[in-house]
2 protein chains.
Amino acid sequence: MARPSEDDLIARYFAPLAGPAGLGLRDDAALLAAAPGHEVVVTVDALVERVHFLPEDAAASVARKALGVNVSDLAAKGADPLGFVLALALPPGWTEAWLADFAQGLERAAAEWSCPLIGGDTVKTSGPLSISVTALGQVPEGRMVRRNAARVGDIACVTGTIGDGALGLVLRSAPAWAVGLSSQQREHLADRYLHPRPRVALASILREHATAAMDISDGLAGDLAKMARASGLSAVIDVAQIPLSEGATAALAAESDLIDRILTGGDDYEILCSVPEDRLESFHREAHKAGVSLTAIGRFVDGEDLPAFRHVGGEKRYPAGSFSHF
Amino acid sequence: MARPSEDDLIARYFAPLAGPAGLGLRDDAALLAAAPGHEVVVTVDALVERVHFLPEDAAASVARKALGVNVSDLAAKGADPLGFVLALALPPGWTEAWLADFAQGLERAAAEWSCPLIGGDTVKTSGPLSISVTALGQVPEGRMVRRNAARVGDIACVTGTIGDGALGLVLRSAPAWAVGLSSQQREHLADRYLHPRPRVALASILREHATAAMDISDGLAGDLAKMARASGLSAVIDVAQIPLSEGATAALAAESDLIDRILTGGDDYEILCSVPEDRLESFHREAHKAGVSLTAIGRFVDGEDLPAFRHVGGEKRYPAGSFSHF
């Protein structure tokens with residue numbers, strides 16, 4: 001079967017998605033301008049088949065995830081999306097049907113998050129399918145929300161629910177704990193692994209309220225440790241306060257050891273942030289208005305220890321690196 | 001052997017390279033500002049082992065190439081580099097020695113081209129080593145040099161010499177024509193395949209003189225065809241005027257058919273541009289001052305045909321796609 005050329009692929013599948021800054025994908029570069037008085041925020045995340053997604057995942061889901069994990073980083077930095085570039089490495093067995101589905105998923109996600117495609121490169125590889133996305137956003141000058149600026153006494157908050165993505169992945173190997181879950185609960189967990197929900201609506205609210213923030217991609221325990229360390233602090237978390245979905249709650253009831261997976265498993269793509277106590281009420285109110293659920297789970301404290309996760313009967317500190325995906 | 005974590009790798013090999021916009025690679029995103037009145041130019045190119053470079057290539061050379069092909073795009077658009085982000089997919093057999101060499105090559109190239117590392121992502125892959133670089137540059141507002149703006153009568157110019165990279169690659173299979181070349185000539189060709197020389201010094205001069213430009217990465221014939229088509233024109237090239245290195249000249253003397261490889265082989269990373277005839281003298285003068293050699297090779301003309309390459313006794317038009325690397 002004759003394969004379309006790279007130019008054909010771009011014209012057929014990607015050019016229709018391009019935002020104005022992409023110049024129709026007919027030039028060698030994209031051209032964009034930040035609004036006056038704004039800076040540009042840049043983030044890159046790569047996804048590799050069998051490492052970050054699975055061959056059976058729908059192409060549209062993979063596309064949504066590849067863009068979503070990057071838009072999640074922008075949101076956590078308080079940045080509004082400007083656009084993204086895509087480097088796509090296609091393995092020998094790629095099909096046009098896959099690519100059409102991928103492009104459609106990308107288009108929908110890009111529209112939903114106001115983050116249009118502005119450029120790309122398509123290459124072939126003898127290895128697994130790989131996708132590298134670089135996303136660009138903008139923040140008013142000096143207002144990017146850093147990782148390293150939490151202060152003693154700040155409240156640690158998270159958006160959404162924690163652990164669903166990690167449990168959604170485990171679910172694929174039909175674990176014993178899944179038997180007691182409703183099909184709706186199982187679907188929720190599976191969906192959260194496949195489809196990150198970057199908290200774009202929270203970006204401007206974060207800028208106004210948070211002292212520091214990052215997105216949770218490698219597990220709450222590990223990412224909190226990174227944020228605390230970067231800020232020269234430790235943290236104390238009340239495990240009972242950590243927001244769990246119905247599915248995660250049911251799973252945990254069936255197998256209490258799953259708490260470690262929930263806290264270290266990754267693929268949350270929620271936002272972790274530090275908020276001064278006197279800003280908390282306003283932060284809650286604004287987040288609620290924006291449709292983002294927000295939960296206070298603990299506090300940043302003096303010290304160099306790993307964050308403590310307190311539960312009935314004790315506390316646990318998760319050793320750094322126990323959650324490394326690399 | 002224990003492998004360092006991703007954080008260790010970043011701290012050890014990449015953080016020392018980071019420019020200010022990279023925030024020490026200790027945040028989740030880079031933060032940069034274009035100069036007032038400037039726009040941001042963004043380009044992405046991915047390199048895959050055995051497709052764009054070979055396993056025996058030195059890691060430092062691979063790094064230089066990965067950055068160079070992107071900086072070449074910026075230069076061709078008249079953009080001054082701001083920085084780049086790197087997505088690196090490491091195969092199972094990677095070594096720290098390789099990575100150290102890679103980082104060193106990257107550091108040298110980034111310093112030479114004033115294009116610092118500002119962010120990245122390191123992942124593992126079961127496939128070949130892959131590198132995706134997104135480079136950002138800036139141009140004064142409205143001054144990016146487009147691909148589609150050549151005008152009838154404009155002179156087609158190229159920097160440097162054409163075909164060396166393509167011949168440098170062929171050289172590795174010890175072709176008959178290589179026998180008559182001096183070792184210096186062979187080394188020159190081999191080096192031009194490994195080490196692109198992005199024409200950073202030409203960026204501001206291009207902005208002042210060229211109506212359109214692009215970098216030559218897929219072969220002069222194919223890239224000229226793209227530029228002419230994008231501009232709604234054709235072109236007539238005098239093959240005798242195309243600048244060749246001593247090595248390419250000697251190779252061509254030994255095997256005249258190599259002209260097709262020279263014109264379609266790719267890996268030049270020189271700049272092709274269109275210049276109004278009355279700007280040519282000033283363009284030559286400024287390029288010379290900047291240390292970039294420049295040659296007029298033909299002219300853009302009315303028409304929809306593929307560009308004609310005229311030589312003694314006839315002309316040749318290279319069919320589109322004959323030079324596709326995909």
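Criteria and thresholds
Residues numbered from 1 in each chain as written. Chains lettered and ligands numbered in written order. Predicted model: local features only at pLDDT ≥ 70, side-chain atom pairs only at ≥ 80, totals over all residues. Heavy atoms only, no water. Helix = DSSP H or I, 4+ residues; strand = E, 2+ residues; numbered from the N terminus. Rg over C-alpha atoms; globule rule 2.2 N^0.38 Å. Buried < 20%, exposed > 50% of the residue type's maximum accessible area, 1.4 Å probe, protein only. Contact = heavy atoms within 4.5 Å. Pairing = 2+ DSSP bridges. Axes fitted to C-alpha atoms, helices over the stretch in contact; angles between N-to-C directions. Salt bridge = Lys/Arg side-chain N within 4 Å of Asp/Glu carboxyl O. Buried area = accessible area lost by both parts, 1.4 Å probe. Polar contact = N/O pair within 3.5 Å; in protein donor to acceptor, adjacent residues only side chain to side chain. Phe/Tyr/Trp six-rings, centres within 6.5 Å; stacked < 30°, edge-to-face > 60°. Lys NZ or Arg CZ within 6 Å of the ring centre and 35° of its normal. Arc of directions from axis to C-beta. Parallel < 35°, antiparallel > 145°, perpendicular 65-115°, else oblique. Left-handed = near helix turned anticlockwise from the far one by under 90°. Nonpolar A, V, L, I, M, F, W, Y, C, P; charged D, E, K, R; others polar. Least-squares fit on C-alpha atoms with pLDDT ≥ 70 in both.

Student: Residues and numbers for the overall build of chain A, please.
Tutor: If you tally the helices and strands in chain A, you get ten helices and twelve strands. Against the 2.2 N^0.38 benchmark of 20 Å for 326 residues, chain A shows a C-alpha radius of gyration of 20 Å, consistent with a compact globule. Seen through its principal axes, chain A has C-alpha atoms that stretch 65 × 55 × 35 Å. Residue burial in chain A is summarised as follows: out of 326 residues, 59% are buried. Taking contacts inside chain A between residues at least 6 apart in sequence as the whole, the part at least 24 apart equals 85%.

Student: Residues and numbers for the sheet that holds strand β3 (residues 80-90) of chain B, please.
Tutor: Within a beta sheet, neighbouring strands are joined by backbone hydrogen bonds and run either parallel or antiparallel to one another. Pairing within the open sheet is mixed, and its five strands lie in the order β1(A)-β2(B)-β5(B)-β3(B)-β4(B). The two strands at the open ends of the sheet, each matched to only one other strand, are β1 (30-32) of chain A together with β4 (117-124) of chain B. When strand polarity is set aside, the average angle formed by the axes of neighbouring strands in this sheet is 20°. Sheet topology note: the β1(A)/strand β2 (residues 38-48) of chain B ladder contains three bridges and is antiparallel. Note on β2(B): the bridge partner recorded for A:Leu31 is B:Val41. Helix α1 (residues 6-14) of chain B rests against β3 and β4 of chain B of the sheet, and its axis sits at about 140° to β4(B). Sheet strands touched by helix α3 (residues 96-112) of chain B: β3 and β5 (130-140) of chain B. Its angle to β3(B), the strand with the most contacts, is close to 170°.

Student: Tell me about the pattern of salt bridges, and please be specific about residues and values.
Tutor: A full pass over the atoms with the stated rule returns 45 salt bridges over all chains. Between A:Arg197 and A:Asp191 there is a salt bridge, with the nearest N and O atoms lying 3.6 Å from each other. Looking at A:Arg197, the relative accessible area reads 35%, which means it is partly exposed. In this structure A:Asp191 comes out as partly exposed when scored by relative accessible area, which is 28%. Several salt bridges converge on common partners, so that one network encompasses A:Asp27, A:Asp28, B:Lys77 and B:Arg147.

Student: Go over the interface of chain A and chain B with me, naming the residues and quoting the values.
Tutor: Taken together, the contact pairs 55 residues of chain A with 54 residues of chain B. Note on chain A versus chain B: buried area summed over both sides is about 4500 Å², and carbon and sulfur give 62% of it. Residue B:Arg147 pairs with A:Asp28 through a salt bridge whose shortest N-O separation is 2.7 Å. Counting every contact that joins chain A to chain B gives 20 residue pairs in polar contact (both at pLDDT 80 or more). Looking at the side of chain A that touches chain B, the elements that each hand over two or more residues are α1 (6-14), β1, β2 (38-48), β3 (80-90), β4 (117-124), β5 (130-140) and β7 (212-216) of chain A.

Student: Report on the packing of aromatic side chains, specifying residues and quantitative values.
Tutor: All names here are of chain A. The full count for this structure, using the stated rule, is four aromatic pairs over all chains. Here the aromatic rings of Trp98 and Phe102 are separated by 5.0 Å at their centres, their planes lie at 20°, and the arrangement is stacked. Taken together, the residues span about one helical turn, with Trp98 and Phe102 both in helix α3 (residues 96-112) at a distance of four residues. In this structure, Lys65 is placed above the aromatic ring of Tyr193, and the distance from its NZ or CZ to the ring centre is 3.7 Å.

Student: Please give an account of the environment of A:Ala225 that cites residues and values.
Tutor: Residues and elements named next belong to chain A. Considering the arrangement of structural elements, one finds Ala225 in helix α7 (residues 220-230). Along the sequence, Ala225 and Val85 sit 140 residues apart, while their C-alpha atoms lie 31 Å from each other. Leave out the neighbours within four places in its chain, and Ala225 touches Leu306 and Pro307.

Student: Before we move on, could you go through the pairing of β2(B) and cite the residues and values that matter?
Tutor: Residue and element names in this part refer to chain B. Summarising burial for β2: ten of the eleven residues are buried, a large majority. By the bridge criterion, eleven bridges tie β2 to β5 in an arrangement that is antiparallel. From the neighbouring strand, His38 faces β5, where its bridge partner is Pro140.

Student: Account for α1(B), naming residues and giving values.
Tutor: Given 3.6 residues per helical turn, the α-helix brings residues three or four places apart onto the same face. Residues and elements named next belong to chain B. Within the sequence span of α1, burial applies to Glu6, Leu9, Ile10, Tyr13 and Phe14. The buried residues of α1 occupy an angular sector of 100° when the element is viewed end-on, so they sit on one face. Buried residues belonging to α1 abut β3, α3 and β4.

Student: Tell me about the packing of α1(B) against α3(B), and please be specific about residues and values.
Tutor: All names here are of chain B. Running from amino to carboxyl end, α1 crosses α3 at an angle of 45°, the nearest separation of the two axes being 10 Å. It follows that α1 is oblique to α3 by the angle criterion. Taken as a pair, α1 and α3 cross one another with a handedness that is right-handed. Here Leu9, Arg12, Tyr13 and Phe14 of α1 lie close against α3, whose contacting residues are Glu96, Leu99, Ala100, Phe102, Ala103 and Leu106. Taken together, the residues of the contact of α1 with α3 break down into eight nonpolar, no polar and two charged.

Student: Quick rundown of unusual backbone geometry? Include the residues and the values.
Tutor: A negative phi holds for most residues other than glycine; trans holds for most peptide bonds. Residues and elements named next belong to chain B. Unlike most non-glycine residues, Leu23 shows phi in positive territory, near 50°. Within the secondary structure, Leu23 is located in the loop between α1 and β1 (30-32). Phi is positive for Arg50, which is not a glycine, with a value near 75°. Residue class for Arg50 comes out exposed when judged on its relative accessible area of 60%.

Student: Any chance you could break down the relation of the copies chain A and chain B for me, citing the residues and the numbers?
Tutor: Both copies of the chain are related by one operation, a rotation about an axis with a shift along it. When chain A is fitted to chain B, the best match, at an RMSD of 0.0 Å, comes from turning it 180° and sliding it 0.0 Å along the axis. Given the turn and translation reported, the copies of this chain are related as if by a two-fold rotation axis. Taking C-alpha positions as the reference, the residue of chain A nearest the rotation axis is A:Gly127, at 1.9 Å.

Nothing here speaks to function; it is all geometry.
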